[in-house]
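# Commentary on secondary and tertiary structure
Below, each chain spelled out in residue letters.
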Amino acid sequence: MVNLLSFEIEAFDNKQPTLLITGSNRNIGLEFVKQYSEKKWNVIATTRKPETSKELNDFAKNNPNVVVEKLDVTSNKDINALAEKYSDQAIDLLLSNAALTPRYKSGFKKISGVEEDITRQSFEINAIGPLKIIQAFMPNVEKSKNGKIIAMSSKASSFGERLKMPMMYSYAMSKAALNSMIYTLSFETKRKNILSVLISPGMVNTTPGMKIPGAIETEESVTKMVALIDSLTMDDNGKFIDYEDGRTIPW
Ligand SMILES: NC(=O)c1ccc[n+]([C@@H]2O[C@H](COP(=O)([O-])OP(=O)(O)OC[C@H]3O[C@@H](n4cnc5c(N)ncnc54)[C@H](OP(=O)(O)O)[C@@H]3O)[C@@H](O)[C@H]2O)c1
């Protein structure tokens, strides 16, 4: 009988570094998969719905260093199954990318329009999800000589740099909680020589059928973030940094 589990992991070249990324079926997440695959990394490309992740599946078919895995960041069952499957795998870059992101117009509701359900889901996906992913895969990052934990945040959560207007309540609240978690984590990972960093990808055109004035394209944002991630040192541990030039964004 073919052992699918070991077959898939053997598809990796263990001389190359390994990325595990969440929410990688579209937009920024998918572009990260493409760029790290091109750099010959092993890529564990997770998505909550592998069966409908056509572009990701097609890319993985042509790139054996990419393995598509099911992972809903709110599902303990998914998280535990994946952590068990990869328990021996060193992870050099754990990239928390998945998020519940506001559609452009719905982001501009005033306090009276903020929905409790969406707010709860935003915390589940954008803050508690990354917490659980890091808990589950920290042993894998500890196996790396140069482990990095990167979470995608947003300037919407920065008191210093956000637009000074009522917008994106649920999203901004949940990303501020994410920032707090990663900042707290950085004191723990410092002792293990693991880097914990938040990155703002800039304003990126990822809303279907819409070009936001001033927004950049996904490829540009991800190209700059890949170079930035590569250049990070332990001096950057615990920082919230900008995709463009690595400058520190105020909380
Ligand atoms: N685009 C921007 O301008 C911008 C600005 C600042 C920050 N960011 C951050 O950058 C990251 C990527 O942004 P994006 O624009 O590419 O977002 P996006 O287009 O909304 O994609 C979000 C991704 O997260 C996945 N996801 C949602 N809920 C999930 C769950 N419970 N479990 C696993 N995956 C889940 C989605 O999967 P499905 O396809 O299954 O829904 C999708 O792959 C996010 O963290 C976002 O907050 C983006």
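Shown above is the structure to which this text applies.
So, here is what we can say about the structure in this document.

Further remarks concern the overall build of the chain. The secondary structure content of the chain amounts to seven helices and seven strands. Its helices and strands taken in sequence order, the chain reads α-β-α-β-α-β-α-β-α-β-α-β-α-β from the N to the C terminus. Against the 2.2 N^0.38 benchmark of 18 Å for 251 residues, the chain shows a C-alpha radius of gyration of 18 Å, consistent with a compact globule. With the principal axes as the frame, the chain shows a C-alpha extent of 60 × 40 × 30 Å. Accessible surface computed for the chain: about 12,800 Å², of which carbon and sulfur atoms make up 54%. When the 32 basic and 30 acidic side-chain charges of the chain are each reduced to a single mean position, those positions are 4 Å apart.

A few words now on the sheet that holds strand β7 (residues 240-242). Pairing between the strands of a sheet comes from backbone hydrogen bonds, and it takes one of two forms, parallel or antiparallel. With parallel pairing, seven strands are arranged side by side in an open sheet as β3-β2-β1-β4-β5-β6-β7. Strand pairing shows two members of the sheet lacking a second neighbour, β3 (66-70) and β7, which therefore form its edges. In this sheet, neighbouring strand axes are inclined to one another by 25 degrees on average, regardless of whether the strands run parallel or antiparallel. Contacting β5 (148-152), β6 (195-200) and β7, helix α6 (residues 169-190) crosses the sheet at an angle of about 155 degrees to β6.

We now examine the site of the ligand. Near the ligand lie 26 residues; those nearest to it are N25, N27, R48, T101 and Y171. Between R48 and the ligand, the recorded distance is 2.7 Å, taken from a side-chain N or O atom to an oxygen atom. Contact with the protein chains covers 92% of the free accessible surface of the ligand, which is 910 Å². Of all the secondary structure elements, the ones that give two or more residues to the shell around the ligand are α2 (27-38) and α6.

For the rest of this paragraph, the subject is the pattern of salt bridges. Across all of its chains, the model carries 14 salt bridges by this definition. The partner of E69 in a salt bridge is K85, and the shortest N-O contact between them spans 2.9 Å. With E69 in strand β3 and K85 in helix α4 (residues 76-85), this pair connects stretches of sequence that are 16 residues apart. In this structure E69 comes out as buried when scored by relative accessible area, which is 9%. Shared partners join several salt bridges into a network, and the residues in it are K54, D58 and K61.

For the rest of this paragraph, the subject is the packing of α2 against helix α3 (residues 54-62). Where α2 contacts α3, the two axes come as close as 11 Å, and the packing angle between them is 10 degrees. One way to sum up the angle between α2 and α3 is to call them roughly parallel. Across the interface between the two elements, L30, V33, K34 and S37 from α2 touch E55, L56 and F59 from α3. For the contact of α2 with α3, the residue count by class is four nonpolar, one polar and two charged.

Attention shifts here to the environment of M167. Take M167: it is sitting in the loop between β5 and α6. Assessed through its relative accessible area of 12%, M167 is described here as buried. The sequence separation of M167 and P64 amounts to 103 residues, and the corresponding C-alpha distance is 42 Å.

To continue, consider the pairing of strand β2 (residues 42-47). Of all six residues that make up β2, six are buried, and the element is covered over most of its length. Neither face of β2 is open: one carries N42, I44 and T46, the other V43, A45 and T47, and all of them are buried. In terms of strand pairing, strand β1 (residues 18-21) meets β2 through four bridges, oriented parallel. Its bridge partner being in β2, L19 is matched across the sheet by V43. Handedness of the β-α-β unit built from β2, α3 and β3 comes out right-handed.

Within the element layout of this structure, D92 appears in the loop between α4 and β4 (93-96). One buried charge, D92, has no salt-bridge partner; the nearest side chain with opposite charge is K145, at 7.9 Å. At 2.8 Å, the side chain of D92 forms a polar contact with the backbone nitrogen of T18. Of the polar contacts made by the side chain of D92, one reaches the side chain of S144; its length is 2.7 Å. Non-local contacts of D92, meaning those with residues more than four positions away in its chain, are made with P17, T18, W41, S144, N146, G147 and K148.

Criteria and cut-off values
- Counting restarts for each chain: residues are numbered from 1 in the order of the written sequence.
- Restriction of local features to residues with pLDDT of at least 70 applies here, the model being predicted, together with a cutoff of 80 or more for giving and counting side-chain atom pairs; totals for whole chains, interfaces and linings are based on all residues.
- Side-chain numbers here rest on the full set of heavy atoms in the structure, without hydrogens or water.
- To qualify as a helix, a DSSP run of H or I must reach at least 4 residues; to qualify as a strand, a run of E must reach at least 2; elements of each kind are numbered from the N terminus.
- In this setup the radius of gyration rests on C-alpha atoms only. A globule is expected at 2.2 Å times the number of residues raised to 0.38.
- In short, Shrake-Rupley with a 1.4 Å probe defines the accessible areas, and a residue's cover is counted only from the protein chains shown.
- In this tally Asp and Glu are treated as negative and Lys and Arg as positive; neither His nor the chain ends contributes.
- One atom stands in for each charge, and that atom is NZ of Lys, CZ of Arg, CG of Asp or CD of Glu.
- Between any two strands, pairing holds if DSSP finds at least two bridges.
- Only the contacting stretch of a helix is used when fitting its axis, a line to C-alpha atoms as for every element, and angles between N-to-C directions run 0 to 180 degrees.
- Only heavy atoms matter for contacts: two residues are in contact if any of them lie within 4.5 Å across the pair.
- The nearness test applies per residue and asks whether one of its heavy atoms lies within 4 Å of the molecule or strand.
- Under this definition, polar contacts are N or O atom pairs within 3.5 Å; protein pairs additionally need one hydrogen-donor-capable and one acceptor-capable atom, and for neighbouring residues in sequence, both atoms have to be side-chain atoms.
- Just to be clear on terms, a salt bridge is a Lys or Arg side-chain nitrogen sitting within 4 Å of an Asp or Glu carboxyl oxygen.
- Categorising residues by exposure relies on relative accessible area from a 1.4 Å probe, with only protein chains included: less than 20% of the type maximum marks a residue as buried, more than 50% marks it as exposed, and the intermediate range marks it as partly exposed.
- Should an angle fall under 35 degrees it is called roughly parallel, over 145 degrees roughly antiparallel, and 65 to 115 degrees roughly perpendicular, with every other angle called oblique.
- Gly is placed with the polar residues, together with every amino acid not listed as nonpolar (Ala, Val, Leu, Ile, Met, Phe, Trp, Tyr, Cys and Pro) or charged (Asp, Glu, Lys and Arg).
- With the strands aimed away from the viewer, a crossover counts as right-handed if its path from the first strand over the helix to the second runs clockwise.

Any link to function would need more than the numbers given here.
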